[in-house]
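# Architecture at a glance
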Amino acid sequence: MRRQTTTGGSHPVGSSRALRLDPLTLPIRYDAHDIRADGGVRQIELHRERVILHRAVAGMRMAIKVQVSDFRGIVCRGLDDARILMLVHRDPSLSVPLYISEDAEEIERVRELWSEILSLPLLPDDTPRLPAPRRRRRCVISRRRPRFLVRRRVGALLEPARCYAGEREIIART
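Here's what I pulled together on the structure shown here.

Parameters and conventions
- Residues numbered from 1 in each chain as written.
- Predicted model: local features only at pLDDT ≥ 70, side-chain atom pairs only at ≥ 80, totals over all residues.
- Heavy atoms only, no water.
- Helix = DSSP H or I, 4+ residues; strand = E, 2+ residues; numbered from the N terminus.
- Buried < 20%, exposed > 50% of the residue type's maximum accessible area, 1.4 Å probe, protein only.
- Contact = heavy atoms within 4.5 Å.
- Areas by Shrake-Rupley, 256 points an atom, 1.4 Å probe, with all protein chains shown as cover.
- Core = buried A, V, L, I, M, F, W, Y, C linked by side-chain atoms within 4.5 Å.

A word on the overall build of the protein. Helix and strand counts for the protein come out as 2 helices and 7 strands. Secondary structure elements in the protein, listed N-terminal to C-terminal, are β-β-β-β-β-β-β-α-α. Put simply, the protein has 174 residues, and 32% of those count as buried. Expressed as a percentage of contacts within the protein between residues at least 6 apart in sequence, the contacts between residues at least 24 apart total 38%. Accessible surface, the protein as shown: approximately 14100 Å² in total, 51% of it carbon and sulfur.

Quick look at the structure:
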């Protein structure tokens, strides 16, 4: 007896079946392609109110929980011969694929259904992707003066030392 695969999950290389998730069967758990993850695969749990991304990077496993309201909307993008329906986030690495199909009518029907169920707007196809704001690597305070030096006043030369090189010394005697 063969092991059954989960509905809507990713399929092995060479499989002709495309990703087709049904929005009426939430919550859904499936695998998606991720370049930065170990093995090139991440697991996605999709609920009505949140999305959880599971992946491992350099052996460290992580789970990223994102509220559905944090996503910008649903967009349909073109591939070589098919169209892909995506749940788009401001950070492109958090965007989630939902549906792949070659039929334009089917994509539009499913797109409206996903938009209604997740309460997200439909975004136009040609929306320019803005990069996510750069994250701070270190605390802003680290660039300030250390605490014990903050109490001290910064010294400044009141008057530079005078130099009388090459002049005759005059001594006043009384």
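Now for unusual backbone geometry. Pro-27 follows Leu-26 through a cis peptide bond whose omega is 5 degrees. As for its position among the elements, Pro-27 is in the segment before strand S1 (28–33). In this model, Ala-58 sits at a positive phi of 55 degrees, which is unusual for a non-glycine residue. If you trace the backbone, Ala-58 turns up in the loop between strand S3 (50–57) and strand S4 (60–67). In this structure, Ser-119 is a non-glycine residue whose phi angle is positive, near 55 degrees. Take Ser-119: it is sitting in the loop between helix H1 (104–118) and helix H2 (147–150).

A word on the nonpolar core. Counting 27 residues, the largest nonpolar core has Tyr-30, Val-51, Leu-87, Val-96, Leu-98, Trp-114 and Leu-118 as the members making the most contacts within it. Looking at this core, the elements that each hand over two or more residues are S1, strand S2 (41–46), S3, strand S5 (73–78), strand S6 (83–88), strand S7 (96–101) and H1. A total of 5 residues in this core trace back to one element, the largest contributor, which is H1. Those residues within four positions of Leu-98 in sequence are excluded, and the remaining contacts are Leu-19, Arg-20, Leu-21, Tyr-30, Leu-46, Ile-74, Leu-85, Met-86, Leu-87 and Trp-114. Among the nonpolar cores identified, the runner-up in size contains 5 residues, and Val-75, Ile-84, Met-86 and Leu-123 belong to it.

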